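# Working through the structure, step by step
In case you want the letters, here they are:
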Amino acid sequence: MVQYLKAAGIGHVFGYPGDPNVEFMEAARRAGLQFVLGRREGTAGLMAEACGFLTGRPGVCMSTLGPGSSNLVNAVANAYLDRVPMIAISGQIERKREQTFTHQVLNHDLVFSPVSKWATRVAPDTAGHVMRKALRIAMAERPGPVHITTNADVVGMDAQDATIALPPMAVAHGEFKLYSNSPGRAGVQEMLKKSRRPVILAGIAAQRANAHEALAKLAARAGIPVVVSPMAKGVLAEDGEWYAGTLDMACNELMWRFLAGCDLLLAVGFDAVELIKPWQLSVPTVHIDAVPNTDQVYPAALELVGDIAAILEGITSEWGGEARWRAAEARAHRDALRSAYYAGRVAGRLNPTDVVDTVRAALPREAIATSDVGSHKLLVGQGWTAYSPRSVLMSNGLSSMGYSLPAAIVAKLLNPKRPVVCFAGDGGLAMVQGELRLAASLGLDPLVVVFCDNSLNRIEIKQSNRNYPSWGTLIDETDFARLAPAMGCEGAMVDDAAALEKLLAGPRPADRPLVIGARIDPAQYTAQF
Ligand SMILES: Cc1ncc(C[n+]2csc(CCOP(=O)(O)OP(=O)(O)O)c2C)c(N)n1
Ligand SMILES: [Mg+2]
C-alpha cells in the first residue's frame, strides 16, 4: 500500500493512530512519507482533503478502528461532496474476530459506503490491485474518497501482488473525446453568435481541470463575463475585466439577477453540489464538463463533455465574432456588486467586510486564503479577491465547520513561502482549535483570523428572521491573546480596523501562527442575510 502511495507522488499521511495501524505507519516511515498527527481524526482527515485539493492527488488519512473510523467519517464525507480525491485508511480487528467480536468493532463497509466512492479492504493477495483501483477511482471524474480497511492480522504482511502498475494520475488522462470530434462543436458557435449577453458560470471541475488560462482567453476573446462558484475562486483572476462575481455567497440575489439577465449560459465545470437554492434560470444552457449532465439540475441544450480546458480552447480558436459584452457593462455590474457587498456597514464599528478588506490589503496577491462555514464565509467568499487557481480553500459541498484551520495548516505545509490566512468563525474555530498546537509544533505561521461575534451567527440569524430568541446559538468569548500563547502561538484581540492593520503590518515570528480574534459588529450580517 505504501509503495503505491509513494509511486503516486503522495508525500504525507494525516492521521491518528491506534494499535492496528502500527505496521502501516512503520512501513510509511521507512518509505520516507511524512506523518502529520492531527489532534483528532476529523481534522487530520480535513488536512488530507486540503492536501488533495491543493495537489490534485489523493490526500491520505488514517485512523484506527471503531472510534477512530467513526471520527473520520466527517472528513471522508467532506471529500465526497467537495469532490476531492482521497484515500482513507482505517485499521480493524483481525479478520477472524471481525464477524463476531463487538468491542470497538464497526462495519466499516457500511459506515463508509454512503460517503465514499468505494469502501473496501485489502488482503495480501489483493493489496496491489486494490490500491491501483483505489487510486484510479479516487482520481476519476468526479473525484472523491475511497476507504480501505486494513485488518490487524494482514496489515504487516507482505503483499503478494506487489508489482507497482500506477494508474493514470492526471484528471484528464485519455478518457475524453477530442474537441474536434465533438458533435456540439458547431452548435456552440451558433448559439454564441446568436447571443447578445452570454455569461460563463465556472465551477469546481474547471478548477480541477486547470482550465484557468483557457477560461481567461475565451472570456477575453468573446467578451463574456465569468461568474465563479465559491470553490472555483481563483480560476479567473478577480481583478480582471471579465470577472463578474462569486455565486451563492453574499449578494446572491444580485448575482442571480445578473445570471437571469443573460441569454446564454455556458456552465463550465459547474457542479450543483455548490448550489444552495433550487436552480432559478430558464436560459439556454451549454454544459461543458468532464462528466455528462447527469444531475439535470438545468436542462442543457448542448453537452460538450471532455477535457474542459481543451473544449474552451476549441471554442476560442473557432470564435470569429465580436465581443458579446462591452467591458464597461461588465464593470458596471462589478461596481454594483461591490456596493452590495458593503451594504449594512456601520460607521465607527469593526464590520466583517473591514476584516476581509484589511487582511486582503495586508497580504500579497499570492496569499492563500481558507474560509470556514458561517456568516463570515458569505462575505469572505464574495469579498476576498483571488488571483490564482487553488488559492482559496473552502468546504462548499458538505460545508463542514472546522475546515479552515486544518486546511490552512496544509496550505502552509505545502507552500512554505506563500502567506496563508485562515478565516474562521468563533464557533468553527472552537471545534478545531487544538490544531493550533500542531501548527506551532510544525513551525508553520498561518495567520488565523477569527470573526468573534459570540454567536453561531448563521443560525442565530435564522432564529431572529422567524422572531425566535437566540437559543442554543450563543457562545462566550475566548480570549485568543491568552489561548494562543498556551498553544505555542502568538495571539491578540482587536476591536477596530486600525488595530488589525497595525498588527498585520508589525513584525511577528515566522515559526508559529498569529491568532487574531476580531471582535466584529454582526450588524452587517443582519442587514445582508
Ligand atoms: C459541522 C457543522 N455543524 C453545524 C453546521 C451548521 N452551521 C452552519 S453555519 C453555523 C454557525 C457557525 O458559527 P461561527 O463559526 O461562529 O460562524 P458565524 O456564522 O458566526 O460567522 C452552523 C452551526 C455546519 N455547517 N457544520
Ligand atoms: Mg460566530
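Here, the structure is the one placed above.
How each quantity is defined
Residues numbered from 1 in each chain as written. Chains lettered and ligands numbered in written order. Predicted model: local features only at pLDDT ≥ 70, side-chain atom pairs only at ≥ 80, totals over all residues. Heavy atoms only, no water. Helix = DSSP H or I, 4+ residues; strand = E, 2+ residues; numbered from the N terminus. Buried < 20%, exposed > 50% of the residue type's maximum accessible area, 1.4 Å probe, protein only. Contact = heavy atoms within 4.5 Å. Areas by Shrake-Rupley, 256 points an atom, 1.4 Å probe, with all protein chains shown as cover. Phe/Tyr/Trp six-rings, centres within 6.5 Å; stacked < 30°, edge-to-face > 60°. Lys NZ or Arg CZ within 6 Å of the ring centre and 35° of its normal. Arc of directions from axis to C-beta. Axes fitted to C-alpha atoms, helices over the stretch in contact; angles between N-to-C directions. Parallel < 35°, antiparallel > 145°, perpendicular 65-115°, else oblique. Left-handed = near helix turned anticlockwise from the far one by under 90°. Nonpolar A, V, L, I, M, F, W, Y, C, P; charged D, E, K, R; others polar. Near = heavy atom within 4 Å. Polar contact = N/O pair within 3.5 Å; in protein donor to acceptor, adjacent residues only side chain to side chain. Donors = N, O, S within 2.8 Å, 3.2 Å for Na, K, Ca; no water. Expected span 1.5 Å × (residues − 1). Bend = angle between axes of the 7 residues up to and from the residue. Core = buried A, V, L, I, M, F, W, Y, C linked by side-chain atoms within 4.5 Å. Pairing = 2+ DSSP bridges. Right-handed = clockwise from strand over helix to strand, strands pointing away.

### Details of the overall build of the protein
From N to C terminus, the protein includes 22 helices and 18 strands. Seen along its three principal axes, the alpha-carbon backbone of the protein occupies a region of about 70 × 60 × 45 Å. The buried share among the 529 residues of the protein stands at 57%. Taking contacts inside the protein between residues at least 6 apart in sequence as the whole, the part at least 24 apart equals 74%. For the protein, the exposed surface amounts to about 20600 Å²; the carbon and sulfur share of it is 52%.

### Some remarks on the packing of aromatic side chains
For the structure on display, the rule yields eight aromatic pairs. Look at W279 and Y298: their rings are 5.2 Å apart centre to centre, the planes differ by 50°, and that puts the pair in the tilted class. With W279 in the loop between β10 (264-268) and β11 (285-289) and Y298 in the loop between β11 and β12 (302-305), this residue pair connects regions lying 19 residues apart in the sequence. Given a relative accessible area of 4%, Y298 falls into the buried group. Between the aromatic rings of F423 and F451, the centroid separation amounts to 5.9 Å while the plane-to-plane angle is 45°, which identifies the pairing as tilted. You can see F423 sitting in strand β15 (residues 420-425) and its partner F451 sitting in strand β16 (residues 447-452), a full 28 residues away along the chain. A relative accessible area of 0% places F423 in the buried class. Seen from the ring of W118, K133 lies directly overhead, with NZ or CZ sitting 4.4 Å from the centre. Here the guanidinium or amino end of R458 rests over the ring plane of F529, the centre of that ring lying 5.6 Å away.

### Section: helix α8 (residues 185-194)
Given 3.6 residues to a turn, an α-helix orients residues that are three or four positions apart in the same direction. Every buried residue belonging to α8 is among V188, Q189, M191 and L192, and all of these are buried. Seen from one end, α8 has its buried residues packed into an arc of 165°, which puts them on one side. Among the exposed residues of α8, those oriented more than 90 degrees off its buried face are A186 and K194. Of the surrounding elements, those touching the buried residues of α8 are β7 (198-202), β10, β11, β12 and α12 (308-318).

### A look at the packing of helix α13 (residues 327-341) against helix α15 (residues 375-383)
The geometry of α13 relative to α15 is characterised by a closest axis approach of 11 Å and an angle of 155° between their N-to-C directions. In this view, α13 runs roughly antiparallel relative to α15, as classed from their interaxial angle. For the crossing formed where α13 meets α15, the hand is left-handed. Each of L337, R338 and Y341 in α13 lies in contact with α15, whose residues at this interface are L379, Q382 and G383. Looking at side-chain class alone, the contact of α13 with α15 contains three nonpolar, two polar and one charged residues.

### Some thoughts on the site of ligand 1
Around ligand 1, the structure places 17 residues, and the nearest of them are S375, H376, D426, G427 and G428. Contacts to ligand 1 include S375, whose backbone N or O atom sits 2.8 Å from an oxygen atom. Backbone polar atom of N457 to an oxygen atom of ligand 1: 2.9 Å apart, as the coordinates give it. Compared with its free state, where it exposes 580 Å², ligand 1 has 78% of that area covered by protein. Contributions of two or more residues to the shell around ligand 1 are made by α15, α17 (426-432) and α19 (457-465). Split into classes, the residues belonging to the shell around ligand 1 amount to four nonpolar, ten polar and three charged.

### Notes on the coordination of the magnesium ion (ligand 2)
Within the protein, D426 (OD), D453 (OD) and S455 (O) serve as the donor atoms for the magnesium ion (ligand 2), at 2.1 to 2.2 Å. One chain supplies every donor for the magnesium ion (ligand 2), spaced along it as D-x26-D-x1-S. With D426 in helix α17 and D453 in the loop between β16 and α19, this residue pair connects regions lying 27 residues apart in the sequence. For D426, a relative accessible area of 10% gives the class buried.

### Remarks on the environment of A159
When you line up the elements, A159 lands in the loop between β6 (145-151) and α8. With a relative accessible area of 33%, A159 lands in the partly exposed category. Considering only alpha carbons, one finds A159 and D354, 195 residues apart in sequence, at a separation of 56 Å. Dropping the residues within four chain positions of it, A159 is found in contact with P124 and A127.

### Thoughts on helix α4 (residues 67-82)
Between its terminal C-alpha atoms α4 stretches 24 Å, which fits the 22 Å expected from 16 residues at 1.5 Å a residue. When the local axis directions of α4 are compared, the greatest deviation, roughly 35°, occurs at V73. G68, S69, L72, A75, V76, A77, N78, A79 and D82 are the residues of α4 that are buried. Contact partners of the buried residues in α4: α3 (41-55), β3 (59-63), β4 (86-92), α6 (108-112), β6 and α9 (204-208). Backbone geometry just after α4 places R83 at a positive phi near 60°.

### So, the nonpolar core
The biggest cluster of nonpolar side chains holds 89 residues, and the ones touching the most others in it are V359 and W384. If we skip the residues at most four places from it in the chain, W384 touches K233, E238, V356, V359, R360, L363, A367, A369, L379, V392, V421 and F423.

### What about the pairing of β6?
The buried fraction of β6 is high, at seven of seven residues. Alternating residues of β6 divide into P145, H147, T149 and N151 and V146, I148 and T150, and every residue in both groups is buried. Pairing analysis gives seven bridges linking β4 to β6, with the strands arranged parallel. Bridging from a neighbouring strand, A88 pairs with H147 of β6. Both strand β5 (residues 118-121) and β6 contribute to a ladder of four bridges, which runs parallel. When the sheet's bridge partners are listed, A119 is paired in β6 with H147. Note that the unit made of β5, helix α7 (residues 127-139) and β6 has a crossover that is right-handed.

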